[in-house]
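This is what each chain is made of:
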Amino acid sequence: MDHLPLEKQERTLVFVLYSIHNVMKAEKVLRSQEVLFDTIPVPKEISADCGMAILVACDNRKRVRKMLENSGIDIKGIYLRTCGRYEKEND
Amino acid sequence: MTRSPGKIIYLDHAATSFPKTEKVKEAVLEHFIKYSASPGRSGHSLSLAASRALFEAREAIAAFFHVDDSRKVIFTRNVTESLNLAIHGMVREGDRVITTSMEHNSVMRPLRYLEERGLIQLTVVPSSPEGFADIPGLARAVQAQNPRLLVVNHASNVTGTLVDLERIAGIKGSACLLVDGAQTAGSIPIHLDSLDVDLFAFTGHKALQGPQGTGGLILKTGEEPLLPLMQGGTGSHSEFEQQPDFLPDRFESGTPNGCGFAGLAAGIGVVEERGVPAIREHEKTLTKRLLEALLTMDRVHILGPRDPDKQTAVVSLQVDRMSPSEVGFQLDREFDICVRTGLHCAPAAHRTIGSFPQGTVRLSLGMTNSMDDVDAAIEALQWIISR
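Rules behind the numbers
- Residues numbered from 1 in each chain as written.
- Chains lettered and ligands numbered in written order.
- Predicted model: local features only at pLDDT ≥ 70, side-chain atom pairs only at ≥ 80, totals over all residues.
- Helix = DSSP H or I, 4+ residues; strand = E, 2+ residues; numbered from the N terminus.
- Rg over C-alpha atoms; globule rule 2.2 N^0.38 Å.
- Buried ≥ 20, exposed ≤ 12 C-beta atoms within 10 Å, placed from the backbone.
- Contact = placed C-beta atoms within 7 Å.
- Domains from an automatic or database assignment.
- Nonpolar A, V, L, I, M, F, W, Y, C, P; charged D, E, K, R; others polar.
- Axes fitted to C-alpha atoms, helices over the stretch in contact; angles between N-to-C directions.
- Parallel < 35°, antiparallel > 145°, perpendicular 65-115°, else oblique.
- Left-handed = near helix turned anticlockwise from the far one by under 90°.
- Pairing = 2+ DSSP bridges.
- Core = buried A, V, L, I, M, F, W, Y, C linked by C-beta atoms within 7 Å.

Now for the overall build of chain B. From N to C terminus, chain B includes eleven helices and 13 strands. Radius of gyration (C-alpha) of chain B: 21 Å, near the 21 Å computed for a compact globule of 387 residues. Judged by the C-alpha coordinates and their principal axes, chain B covers about 70 × 55 × 35 Å. Residue burial in chain B is summarised as follows: out of 387 residues, 52% are buried. Put simply, of all contacts in chain B between residues at least 6 apart along the chain, 70% involve residues at least 24 apart.

Structure, rendered in structure tokens:
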């Protein structure tokens, strides 16, 4: 399943961060670690914010979270996306 | 003396560095042509490209000044805005502020404005006639007054006189130390990780070789009780009518100068490629040559330290029986040599060094100047004073 492009995977994770700066920093960190990701608008189901978020495969949950936290990136929320529905992950 | 037609010798780098290198021009143009959309405002590809360019510029500046987290780099239009953000954002009614008599009006005017409105008590500690800060005097003032803010420049824009920031940091007590780095960022090595400076203001268009309209304020911790100068759209927290409280958005409202900061990142790249220590050595060599020649000239009086080790590549002078503007006009019209004359937006500094109100002729050198440029200026000045 995970070899599919992210947008076609049934279950993915959306990392919502504080500020576009954090999103750009996350891009840099994930790119340097060769993690597959996409930068998407924050889904309206999650927030009315007009910012951007980071989409990754479900299997990368722990790894990505650790990478972002180690880089000083503040995570506002992590959401499981399943067939267009979003569910907030517990901390 | 004959002039070379079409060759302009630019000796006004303390105001704005010129010419900019090809890499800076290309970076500005590429941004302008290919992706000059609003960063952080939309999800489309061009907005993201603009966001990435702004992020990379912030990362480049943080790395250049040895700052651990680029969120502490707040972008502004220039050092004047940076200093205003720091001054107006830090002081509260009834606070005491201490500064030196060598400050530029970008420091003096906001401070005098607050003083005139009865909001702060301002103490200006006189510097020496060469422009050196009176550090024991500043220490006594700090001890006696327990100020909120202590403001000093890293080097004077009039005489180039350098201030020992380590010593200043050692006497600041509990005051917030704001440093005006307009004249040193890019020409003197600055390691903010090993300096106890709370707020560092810089501009992009001088020795950092960037375009005009770029500057910044660097925060030591990001936890300073600093209030923003402006509120407005940031692209973040758009569902709220209140300003976001996180960095850098808290201090950056409105669409930024994306092309400019792309150019600034390229400028910093050029400076890093050559190396600030190498640039400093080059400028010291040119300054030494200029000072030595000027010291032999009758009618010419140099103001400031007269020592390349104790100043930036800025030399201020006066000529007997000629006004600074007359000397500057002849250098420009007859020799195509660009210098700045007058008070350099620093009347307090000129009062300190004894050149108020007539001012001085200021020759300020940059990394793109050569020894030939300096020799041409020396020859032109000799010609002007000999007739």
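A word on the overall build of chain A. Helix and strand content of chain A: two helices and five strands. In terms of overall dimensions, chain A is globule-like: its C-alpha atoms have a radius of gyration of 12 Å, near the 12 Å expected for 91 residues. Along the longest, intermediate and shortest principal axes, the C-alpha atoms of chain A span 30 × 30 × 20 Å. The buried share of chain A, taken over its 91 residues, is 34%. The contacts of chain A with a sequence gap of at least 6 include a subset with a gap of at least 24, amounting to 69%.

All names here are of chain B. Domain assignment breaks chain B into domain 1 (9-20 + 275-386) and domain 2 (23-274). Each of domain 1 and domain 2 was reduced to a C-alpha centroid, and the two centroids are 27 Å apart. Contacts between the two partners involve 35 residues from domain 1 and, on the opposite side, 35 residues from domain 2. In terms of residue count, helix α8 (residues 276-295) provides more of the side of domain 1 that touches domain 2 than any other element does, six residues in total. By residue class, the composition of the side of domain 1 that touches domain 2 is 16 nonpolar, 14 polar and five charged.

Before going further, it helps to spend a moment on the packing of α8(B) against helix α11 (residues 371-386) of chain B. Residues and elements named next belong to chain B. Following both chains from N to C, one finds α8 and α11 inclined at 15°, their axes separated by 10 Å at the closest point. Accordingly, the angle class assigned to the pair α8 and α11 is roughly parallel. Our pair here, α8 against α11, has a crossing hand that is right-handed. Contacts from Leu 286, Arg 289, Leu 290 and Ala 293 of α8 reach α11 at Met 371, Val 374 and Ile 378. Of the residues assigned to the contact of α8 with α11, the class counts are six nonpolar, no polar and one charged.

Residue and element names in this part refer to chain B. On the basis of which strands lie adjacent, the open sheet formed by four strands has the order β9-β10-β13-β12 and antiparallel pairing. Lying at the two open borders of the sheet, with one neighbouring strand each, are β9 (300-303) and β12 (340-342). Taking the axes of each pair of neighbouring strands and ignoring which way they run, one obtains an average angle of 30° across the sheet. As paired strands, strand β10 (residues 314-319) and strand β13 (residues 360-364) are joined by four bridges and run antiparallel to one another.

With that out of the way, let us pick up the interface of chain B and chain A. Opposite the 17 residues of chain B that make contact, chain A presents 14 residues. Looking at the side of chain B that touches chain A residue by residue, the classes come out as five nonpolar, seven polar and five charged.

For the rest of this paragraph, the subject is the pairing of strand β7 (residues 199-203) of chain B. Residues and elements named next belong to chain B. Across the five residues that make up β7, a large majority, five, are buried. Where burial is concerned, the two faces of β7 agree: the one with Leu 199, Ala 201 and Thr 203 and the one with Phe 200 and Phe 202 are both buried. In terms of strand pairing, strand β6 (residues 176-180) meets β7 through three bridges, oriented parallel. Bridge pairing links Asp 180 to Ala 201 in β7. Note: β7 against strand β8 (residues 215-219), five bridges, orientation antiparallel. If you follow Ala 201 over to β8, its bridge partner there is Leu 217.

Before going further, it helps to spend a moment on the nonpolar core. A:Phe15, B:Leu149 and B:Ala201 are the most contacted members of the largest nonpolar core, which has 134 residues in total. With nine residues, helix α7 (residues 258-274) of chain B is the single largest residue contributor to this core. The two domains that each donate at least three residues to this core are domain 1 (9-20 + 275-386) and domain 2 (23-274) of chain B. The contact partners of B:Ala201, leaving out residues within four places of it in the chain, are B:Val79, B:Ser82, B:Leu83, B:Ala86, B:Leu178, B:Val179, B:Asp180, B:Gly181 and B:Leu217.

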